[in-house]
Amino acid sequence: TGVKNLGMNIQEVTQYASQLASVTNSIGQTGEVSIATASAFTKLGADMSSLFNLDYSQVMNNLQSGLIGQSRALYKYGIDITNATLQTKAYELGLSKAVSEMTQAEKMQLRMIAILEQSKVSWGDLANTINSPSNQIRIFKNNLKELGIKDSSSRIYEVLKEMIIDDKKFFW
């Protein structure tokens, strides 16, 4: 699958996709729409994780927080989901209703649009930079997780050190 080809931990991605589907179901999105939204945001999380060199779980937690209206969680990525921004987006979409009068579901749908539009710079970053050292280390860590090895810096360091000693050309 695409998730495996990009070195993502399938269990982690599935967990976040399920959580996102639950969030979208709460606003009335079901079936294919809910699945497409969850898929888009899990991919976006991977790309943002790559671009900003942050842990995937941190980015996904921030995206989920943003979806429910916690704007500070997304500022660090250059994404603004404040009511003023949402109101502007609503007007651009031809909606005359004030954000303050919208339901939580309507606000969340505006947030989804705003997040996706403002995050375009990160789209495809993981695929485009898959061979970078930081992404290769991320893939290595995910492979260790999938093997059931506890993900700790000291253990990874020891494994890498042994690999480098065994093969001086490991990285290049």
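Below is a summary of the structure that appears in this document. No experiment lies behind these values; they were computed from the predicted model shown.

A word on the overall build of the protein chain. A count of helical and extended segments in the protein chain gives 10 helices and zero strands. In the protein chain, buried positions account for 39% of the 172 residues. If you take every contact in the protein chain between residues at least 6 apart in sequence, the share linking residues at least 24 apart comes to 56%. Accessible surface for the protein chain amounts to roughly 9,900 Å². Of this, 55% is attributable to carbon and sulfur atoms.

Under the defined criterion, the tally for this structure stands at three salt bridges. In this structure, E92 engages K89 in a salt bridge whose closest nitrogen and oxygen atoms are separated by 2.5 Å. Of this pair, E92 and K89 both sit in helix α6 (residues 83-92), three residues apart, which is roughly one turn of that helix. For E92, a relative accessible area of 55% corresponds to the exposed category. For E106, the salt bridge goes to K97, with nearest N and O atoms at 3.0 Å. By relative accessible area, which is 33% here, K97 ends up partly exposed.

Structurally, E12 can be placed in helix α2 (residues 10-26). Setting aside anything within four residues of it in sequence, one finds E12 in contact with Y56, S57, N142 and K145.

Our focus in this paragraph is the environment of I139. Structurally, I139 is set in helix α9 (residues 133-146). Residue classification places I139 among the buried positions, given a relative accessible area of 16%. Placed 132 residues apart in sequence, I139 and G7 show a C-alpha to C-alpha distance of 4.8 Å.

Moving on to the nonpolar core. Grouped together as the largest cluster of nonpolar side chains are 33 residues, with contacts concentrated most on F41, M48, Y56, L63, L74, I79 and I115. Among the elements of the structure, α2, α3 (31-52), α4 (56-67), α6 and α7 (104-118) are those that each provide at least two residues to this core. With residues up to four places along the chain from it excluded, the contact list for L74 reads N62, L63, G66, I79, I81 and I115.

Here we take up the environment of I130. Looking at the secondary structure, you find I130 in the loop between α8 (125-128) and α9. Taking the C-alpha atoms as reference points, I130 and S50, separated by 80 residues in sequence, lie 8.5 Å from one another. Ignoring sequence-local partners within four residues, the contact set of I130 consists of L6, N135, Q136 and I139.

Cut-offs and rules
- Residues numbered from 1 in each chain as written.
- Predicted model: local features only at pLDDT ≥ 70, side-chain atom pairs only at ≥ 80, totals over all residues.
- Heavy atoms only, no water.
- Helix = DSSP H or I, 4+ residues; strand = E, 2+ residues; numbered from the N terminus.
- Buried < 20%, exposed > 50% of the residue type's maximum accessible area, 1.4 Å probe, protein only.
- Contact = heavy atoms within 4.5 Å.
- Areas by Shrake-Rupley, 256 points an atom, 1.4 Å probe, with all protein chains shown as cover.
- Salt bridge = Lys/Arg side-chain N within 4 Å of Asp/Glu carboxyl O.
- Core = buried A, V, L, I, M, F, W, Y, C linked by side-chain atoms within 4.5 Å.

These values are about where atoms sit, not about what they do.
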